[in-house]
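Report on the structure
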Amino acid sequence: MNFPLDFRFKFFALTRQIAVNDSQGGEVCFVKQKAFRLKESVSVYRDHAQTVQIATIAADRIIDWSARYTFRDPEGKPFGALGRRGARSLWRTHYDIFSDSTSQQVTMTIQEESVMVRFLDGLVSSIPIVGMFSGYLLHPTYAIARQDGTVIARLRKKAAFLEGRFSLEQVAPMTSEEQLEIVLSCLMMALLERDRG
């Protein structure tokens, strides 16, 4: 993949959609969230045409603070998962990435870098009219690290109006498997955190 990757999603689309492009403008993937489901369910396609599905992401339970989101290939075989750290995510967004959907062994983590930015983002977003412009003022950053603490990527919120926009930057070399797990994890996290603006 040609980093940085650009994630864009519209706030007012009928079904939640995210388009991911690489640094040269080429499509990496397109995500369409299934509407009206008790459990989160997301389909990931190669492009906007939605002719080639590359993965699905599905929750293991009805919306829950500590739900696990399993990644499956087009044949339905699980190859990884994303789990939210329930109470810990109240103060600072924190997700765990697992290379095996049934394992408890964490291979990578996604953690918000600044508690203060989270607090101010939530505060400003809740103010009528002013909250519409919080996307221009505050830009949370999420560090993606291996279990040994090595930061290998960062997801940064970008200035945008009436859409969500994030940039995924590579910080250190990573395997193709790590790249795919990170992209899918960031997609799901962006959907879960969308209410913060």
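Since this is a predicted model, take the numbers as computed values, not measurements. Residue positions are given per chain, counting from 1 as you read along its sequence in written order. Selection of residues for local features in this predicted model requires a pLDDT of at least 70, selection of side-chain atom pairs for listing and counting requires 80 or more, and totals for whole chains, interfaces and linings are taken over all residues. Neither water nor hydrogens contribute to the side-chain values; these are computed over all heavy atoms in the structure.

Numbering of helices and strands runs from the N terminus; a helix is a DSSP stretch of H or I covering at least four residues, while a strand is a stretch of E covering at least two. When helices and strands are tallied, the protein chain shows three helices and 12 strands. Per-residue burial for the protein chain yields a buried fraction of 47% across its 197 residues. Two residues qualify as a contact provided that any one of their heavy atoms is within 4.5 Å of a heavy atom in the partner residue. Contacts spanning at least 24 positions in sequence make up 38% of the contacts within the protein chain whose residues lie at least 6 apart. Each residue is assigned to one of three classes by its accessible area relative to the maximum for its type, calculated with a 1.4 Å probe on protein chains only: buried under 20%, partly exposed between the two thresholds, exposed over 50%.

For the rest of this paragraph, the subject is the pairing of strand β5 (residues 53–59). Pairing of strand β4 (residues 41–45) with β5, which is carried by five bridges, proceeds in the antiparallel orientation. Bridge pairing links Tyr-45 to Gln-53 in β5. Pairing of β5 with strand β6 (residues 68–72), which is carried by four bridges, proceeds in the antiparallel orientation. By the bridge assignment, Ile-57 is partnered in β6 with Phe-71. Think of it this way: DSSP has to see at least two bridges between two strands before they count as a pair.

Take the packing of aromatic side chains next. For any two aromatic rings, the description comes down to two numbers: the centre-to-centre distance and the angle of the planes. Between the rings of Phe, Tyr and Trp (Trp by its six-membered ring), a pair exists once the centres lie within 6.5 Å; its type follows the angle of the planes, with under 30 degrees stacked, over 60 edge-to-face, and the other angles tilted. Inspection of the entire model under this criterion finds two aromatic pairs. A ring pair is formed by Phe-9 and Phe-166, whose centres lie 6.3 Å apart and whose planes are at 10 degrees; its orientation type is stacked. Of this pair, Phe-9 sits in strand β1 (residues 5–10) while Phe-166 sits in strand β12 (residues 163–170), and the two are 157 residues apart along the sequence. Residue classification places Phe-9 among the buried positions, given a relative accessible area of 4%. Ring geometry for Phe-71 against Phe-79: centres 6.0 Å apart, planes inclined by 45 degrees, an arrangement best described as tilted.

A word on the pairing of strand β7 (residues 78–84). A regular strand carries its side chains on alternate faces of the sheet. Among the seven residues of β7, five are classified as buried, and the element is accordingly described as predominantly covered. Bridge analysis of β6 against β7 gives five bridges, and the strand direction is antiparallel. If you follow Phe-71 over to β7, its bridge partner there is Gly-80. In sequence, β6 turns back onto β7 through a hairpin of five residues, with Gly-76 there showing a positive phi of about 90 degrees.

Within the element layout of this structure, Arg-68 appears in strand β6. Residues Arg-68 and Asp-96, spaced 28 residues apart in sequence, show a C-alpha to C-alpha distance of 9.2 Å. Once residues lying within four places of it in the same chain are set aside, the contact partners of Arg-68 are Ala-58, Ala-59, Asp-60, Ala-81, Leu-82, Gly-83, Phe-98, Asp-100, Ser-101, Thr-102, Ser-103 and Gln-104.

Counting residues in each nonpolar core, the largest one holds 41 residues, and the members touching the most others are Phe-7, Ile-18, Ile-144, Leu-155, Leu-168 and Leu-187. When residues in this core are grouped by element, the largest group, 10 residues, is from helix α3 (residues 176–192). Beyond its immediate sequence surroundings of up to four residues, Phe-7 is in contact with Ile-18, Ala-19, Val-20, Leu-155, Gly-164, Arg-165, Phe-166, Leu-168, Val-183, Cys-186 and Leu-187. Put simply, buried Ala, Val, Leu, Ile, Met, Phe, Trp, Tyr and Cys residues joined by side-chain atoms within 4.5 Å make one nonpolar core.

So, about the sheet that holds β4. An order of β1-β2-β3-β4-β5-β6-β7-β8-β9-β10-β11-β12 is seen for the 12 strands of this closed barrel, with the pairing classed as antiparallel. Neighbouring strand axes in the sheet, compared pairwise and without regard to direction, differ in orientation by 20 degrees on average. Two strands pair when backbone bridges link them, and strand β9 (residues 108–112) and strand β10 (residues 141–146) are joined in this way by five bridges, in the antiparallel orientation. Pairing of Ile-110 across the sheet is with Ile-144, part of β10. Here α3 sits on the sheet and contacts β1, β2 (17–21), β3 (27–33), β4, β5, β6, β7, β8 (94–98), β9, β10, β11 (151–157) and β12; the angle it forms with β7, its principal contact strand, is near 40 degrees. Lines fitted to C-alpha atoms define the axes here, with helix axes fitted over just the stretch in contact, and angles between the N-to-C directions of these axes take values from 0 to 180 degrees.

Here Asp-6 shows up in strand β1. For Asp-6, a relative accessible area of 16% puts it in the buried group. Here the side chain of Asp-6 touches Arg-165 through a polar contact of 3.0 Å, side chain to side chain. Leaving out residues up to four positions away in the same chain, Asp-6 has contacts with Ala-19, Val-20, Asn-21, Arg-165 and Phe-166. Polar contact is defined as a pair of N or O atoms within 3.5 Å, subject to the rule that within protein one atom must be able to donate a hydrogen and the other to accept it, and that residues adjacent in sequence are counted only when both atoms are side-chain atoms.

A few words now on the pattern of salt bridges. A side-chain nitrogen of Lys or Arg and a carboxyl oxygen of Asp or Glu constitute a salt bridge if their distance falls within 4 Å. Within the structure shown, the criterion is met by five salt bridges. Salt-bridge contacts for Arg-146 lead to Glu-178; the nearest nitrogen and oxygen are separated by 2.9 Å. Here the residue Arg-146 occupies a position in strand β10, and Glu-178 occupies one in helix α3, the gap between them amounting to 32 residues. For Arg-146, a relative accessible area of 25% translates into the label partly exposed. If you follow the salt bridges from partner to partner, you end up with Asp-6, Arg-8 and Arg-165 in one network.

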